[in-house]
Amino acid sequence: EMPAGCYTLFIINKAGGLIYTRHFTQDASALKLNDWLRLASTFHSMHAIAGRLTPVGAPGGIETLETDTFKLQCFQTPTGIKLVMIAEPRVANLDAILRQVYVLYSDHVLKNPFYELDMPIQCDAFTARLDDIPPRA
């Protein structure tokens, strides 16, 4: 089962479209689908702007956003896909969790011959394996 304190995982394609959402608590699903679509698009835009504002080194973008009530962690893949987790502030290993999600994404989504890149993810094996991520990723 996903580590305690994780609320929602969403995956954004390189164009900023929401291609996957998974809620791990009932409270997280209070938003409607259109709200999640707007959130993904807004985060994608903010990530791109932050990357352009980076004064030194390679342009990156937003990796972590921390507040008193939640933490948002983003892992951007080499192909531009963004894996984003929203969790309680106390969850310390979100980057490691997102890297494991990326391995599952690579193994179960990208290797699926019926999956079309940048389209919504509808892969039961991927969704089922998310629950297998150990609590201490």
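Residues numbered from 1 in each chain as written. Predicted model: local features only at pLDDT ≥ 70, side-chain atom pairs only at ≥ 80, totals over all residues. Heavy atoms only, no water.

K.L.:
Just checking my understanding: could you explain the packing of aromatic side chains for this structure?
P.N.:
Under the counting rule described, the total for this entry stands at 5 aromatic pairs. Aromatic pair Phe-10 and Trp-36: ring centres 5.9 Å apart, planes at 55 degrees, arrangement tilted. Of the two residues, Phe-10 is situated in strand E1 (residues 6–12) and Trp-36 in helix H1 (residues 33–53); the sequence distance between them amounts to 26 residues. Under the relative-accessibility criterion, Phe-10 is labelled buried at 1%. (Phe/Tyr/Trp six-rings, centres within 6.5 Å; stacked < 30°, edge-to-face > 60°. Helix = DSSP H or I, 4+ residues; strand = E, 2+ residues; numbered from the N terminus. Buried < 20%, exposed > 50% of the residue type's maximum accessible area, 1.4 Å probe, protein only.)

K.L.:
Sorry if this is basic, but what is going on with helix H2 (residues 94–110) here?
P.N.:
Each turn of an α-helix holds 3.6 residues, which means side chains three or four residues apart point in the same direction. When the terminal C-alpha atoms of H2 are compared, their 22 Å separation across 17 residues agrees well with the 24 Å that a helix rising 1.5 Å per residue should span. At its buried positions, H2 is contacted by E1, strand E4 (71–76), strand E5 (82–87) and helix H3 (124–130). (Expected span 1.5 Å × (residues − 1). Contact = heavy atoms within 4.5 Å.)

K.L.:
Help me understand the nonpolar core, please; the structure alone is not making it clear to me.
P.N.:
Among soluble globular proteins, nonpolar side chains are generally buried collectively. Judged by nonpolar contacts, the single largest core of 25 residues is most densely connected at Ile-11, Met-85, Val-101, Tyr-105, Ile-121, Phe-126 and Leu-130. Breaking this core down by element, the ones donating at least two residues are E1, strand E2 (18–23), E5, H2 and H3. In terms of residue count, H2 provides more of this core than any other element does, 7 residues in total. Membership of the second largest hydrophobic core comes to 11 residues, among which are Trp-36, Phe-43, Ile-62 and Cys-74. (Core = buried A, V, L, I, M, F, W, Y, C linked by side-chain atoms within 4.5 Å.)

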